[in-house]
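Spelled out, the chains give:
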Amino acid sequence: MITRREAALRLDIPLEMAQRHDLPSRMTEAQLAEIEKNPPAWLVQSRANRTGKKPVWIELTCSVCGFTEAARPKKWWPTFTYLSCDHHGYDELPAAAAGLSRREVDGIGSRFIGIVDASEQGEQDS
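Residues numbered from 1 in each chain as written. Predicted model: local features only at pLDDT ≥ 70, side-chain atom pairs only at ≥ 80, totals over all residues. Heavy atoms only, no water.

(A) Layout of the packing of helix H1 (residues 4–11) against helix H3 (residues 29–37). At a closest axis distance of 11 Å, the pairing of H1 and H3 adopts a crossing angle of 30°. Seen from above, H1 lies across H3 with right-handed handedness. Contacts between H1 and H3 involve Ala7, Arg10 and Leu11 from the first element and Glu29, Leu32, Ile35 and Glu36 from the second. Split into classes, the residues belonging to the contact of H1 with H3 amount to four nonpolar, no polar and three charged. (Axes fitted to C-alpha atoms, helices over the stretch in contact; angles between N-to-C directions. Helix = DSSP H or I, 4+ residues; strand = E, 2+ residues; numbered from the N terminus. Left-handed = near helix turned anticlockwise from the far one by under 90°. Contact = heavy atoms within 4.5 Å. Nonpolar A, V, L, I, M, F, W, Y, C, P; charged D, E, K, R; others polar.)

Next comes the structure, spelled out in structure tokens:
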């Protein structure tokens with residue numbers, strides 16, 4: 001049995017869409033295979049409307065321990081240099097390269113901190 005969230009990941013649709021179209025909270029691999037083989041009209045339309053500019057799901061991976069999770073990317077997320085679980089120390093990541101400043105972005109996925117290294121000139125332009 002797979003969860004609705006796992007089904008949404010595999011179908012590459014938002015979890016909200018899976019709920020709205022009454023995908024069951026648990027389903028068998030065979031049920032999911034049937035949906036993929038014969039997609040309902042709403043899924044066909046959703047895929048046709050995708051521009052490919054923004055992924056529906058991304059995989060977040062800790063640069064320190066390798067822990068991964070799938071998450072829905074947010075519009076406000078910058079491009080991260082590193083991702084780290086919130087319990088890792090700042091000193092467990094490589095130091096920022098010369099001429100770059102570092103900032104942290106909290107609230108990434110369920111437990112990540114995003115690390116952004118940017119030129120100090122770029123910081124002043126923002």
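(B) Seen up close, the domain arrangement of the protein chain. Assigned domains of the protein chain: these are domain 1 (1–47) and domain 2 (56–117). For domain 1 and domain 2, the distance between their C-alpha centres works out to 29 Å. Counting from both sides, the interface comprises eight residues of domain 1 and, opposite them, five residues of domain 2. Taken together, both faces of the contact between domain 1 and domain 2 bury some 520 Å²; the carbon and sulfur share is 58%. Three residues stand out in domain 1 for area buried against domain 2, namely Arg5, Leu9 and Asp12, and they jointly supply 65% of the buried area on that side. Scanning the region where domain 1 abuts domain 2 turns up one salt bridge. (Domains from an automatic or database assignment. Buried area = accessible area lost by both parts, 1.4 Å probe. Salt bridge = Lys/Arg side-chain N within 4 Å of Asp/Glu carboxyl O.)

(C) Main features of the pattern of salt bridges. Summed over the entire model, instances satisfying the criterion amount to four salt bridges. Among the ionic pairs, Arg10 bridges to Glu29, the shortest N-O distance being 2.6 Å. With Arg10 in helix H1 and Glu29 in helix H3, the pair connects residues that are 19 residues apart, well separated along the chain. Residue classification places Arg10 among the partly exposed residues on the basis of a relative accessible area of 37%. Among the residues examined, Glu29 registers a relative accessible area of 43% and is labelled partly exposed. With a shortest N-O distance of 2.9 Å, Arg72 and Glu16 are connected by a salt bridge. Of the two residues, Arg72 is situated in the loop between strand S4 (68–71) and strand S5 (82–85) and Glu16 in helix H2 (residues 15–20); the sequence distance between them amounts to 56 residues. Put simply, Glu6, Arg10 and Glu29 are held in one network by salt bridges that share partners. (Buried < 20%, exposed > 50% of the residue type's maximum accessible area, 1.4 Å probe, protein only.)

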